[in-house]
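Here are the chains, one letter per residue:
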Amino acid sequence: MTTPTPEQWMARALTLARRGRYTTHPNPRVGCVLVKAQRRVGEGFHARAGEPHAEILALREAGEAARGATAYVTLEPCAHQGRTGPCARALVDAGVARVVAAMQDPNPRVAGQGFAILREAGIEVACGVLEAEARALNPGFILRMSEGRPHVRLKMAMSLDGRTAMRSGESQWITGPQARSAVQRLRAQSSAVMTGVESIIFDNSRLTVRADQLGLEDAETIAERQPLRVVVDSRLRLPEAAACLREPGRTLVATCSEDAERRERLEAVGAEVLVLPAGEGGRVDLAALLRHLAAAEEVNEVLLETGATLAGAMLDAELVDELQLFMAPTLLGGEARPLFQLPGLERMAQQRPLEILDIRAIGKDWRITARPKAAS
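Bear in mind that the values here come from a model prediction, so they are computed numbers and not experimental data.

A. Here's a closer look at the side chain of Glu-43. Along the polypeptide, Glu-43 turns up in strand β2 (residues 39-45). Separated by 2.6 Å, the side chains of Glu-43 and Arg-12 make a polar contact. In terms of polar contacts, Glu-43 uses its side chain to reach the side chain of Arg-40, at 3.3 Å. Not counting residues up to four positions away in its chain, the partners in contact with Glu-43 are Arg-12, Leu-16, Cys-32, Val-33, Leu-57, Ala-58 and Glu-61.

This is how it looks when you write it as structure tokens:
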């Protein structure tokens, strides 16, 4: 029998961590495998904030077998007392002989301190095994801890000719049920879903995770946590009868309007109104909004579901990290609404290149995953 490599044990830990994809907010997704004499003796993954971390669950399963074992963990064990105790200390107390981590924790409260506790106790520490895969698992947590902003994933549905809605604003439905199910899973893994007020006015979007459309075994449990709904509404035009205000969970309206009467009326029907500085053109300062979401709401990942104006503004401000474009095999024509409104593009030298990461069929539609390409 072939002896498993450290990469294979870490791959198992990453597989475990992915099981928390929809539920760990605001914590990172983490998996742990305990190995002794080339045999797995314990494993676990972090499921929810306030519940045991991956290392604790793996230690519980291993029991006495943890003494002298190697722990493969996707993120540096925590060193601070939060809603749960420090995992680094628990590994020391259990007598683990070696810890292999995929990456250092970007949280300034940890950032090497977990490794220090382990080394001071005589435990051998290695870091960097499948680091790229581990970083890809927690892009928002990493950005929030290192740069003070969330990861922004822009989702758009379009026709083959790059249109998102008819001239009237009618847009339901361009893509098919499989694509809409994929969007529901994107919502479920996000800390917040953000849109512009125009999208609410035209579509009356609920912006909720719906269990019956997730296509997952534990859909009901996943849908219990509704992501924060964020409506960018510079002039407070959100209708008081908007469906998103009647759904479970919170709706945050970001504005730069000083209209106190309008604000009170929206708050009376359940909205939380956040007044931010005005940015370019008298609109909400989008960078300030993202900083607020990271600092005050512990938002790791934002799913941006919106129309051409806000999508273009976010791209223009270089605030989009990833694009998820769902393309349907249909044509809407030249009078229909475009995918993005990007100001100031008049020459080919001004184009905004993208790096295509993945293209795949989703039912009868196609999903293109891309990211803005850095200027060379």
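B. How the structure looks around the pairing of strand β3 (residues 70-73). Side chains Thr-70 and Tyr-72 of β3 all project onto a buried face; the interleaved residues Ala-71 and Val-73 project onto the opposite face, where all are buried too. With 4 bridges connecting them, strand β1 (residues 31-36) and β3 associate as antiparallel partners. Its bridge partner lying in β3, Leu-34 is registered against Ala-71. For β3 and strand β4 (residues 98-101), the ladder comprises 4 bridges, and the chain directions are parallel. Directly across from Val-73, in β4, lies its bridge partner Ala-101.

C. Here's a closer look at the nonpolar core. Met-10, Leu-34, Ala-71, Leu-91, Val-96, Val-99 and Leu-118 are the most contacted members of the largest nonpolar core, which totals 44 residues. With 6 residues, the single largest contributor to this core is helix α1 (residues 6-18). Setting aside chain neighbours within four positions, we find Ala-71 in contact with Cys-32, Val-33, Leu-34, Leu-91, Val-96, Arg-98, Val-99 and Val-100.

D. Focus on the environment of Ala-58. Along the chain, Ala-58 falls in helix α2 (residues 54-62). Counting along the chain gives 17 residues from Ala-58 to Val-41, while the straight-line C-alpha distance between them is 8.2 Å.

How each quantity is defined
- Residues numbered from 1 in each chain as written.
- Predicted model: local features only at pLDDT ≥ 70, side-chain atom pairs only at ≥ 80, totals over all residues.
- Heavy atoms only, no water.
- Helix = DSSP H or I, 4+ residues; strand = E, 2+ residues; numbered from the N terminus.
- Polar contact = N/O pair within 3.5 Å; in protein donor to acceptor, adjacent residues only side chain to side chain.
- Contact = heavy atoms within 4.5 Å.
- Buried < 20%, exposed > 50% of the residue type's maximum accessible area, 1.4 Å probe, protein only.
- Pairing = 2+ DSSP bridges.
- Core = buried A, V, L, I, M, F, W, Y, C linked by side-chain atoms within 4.5 Å.

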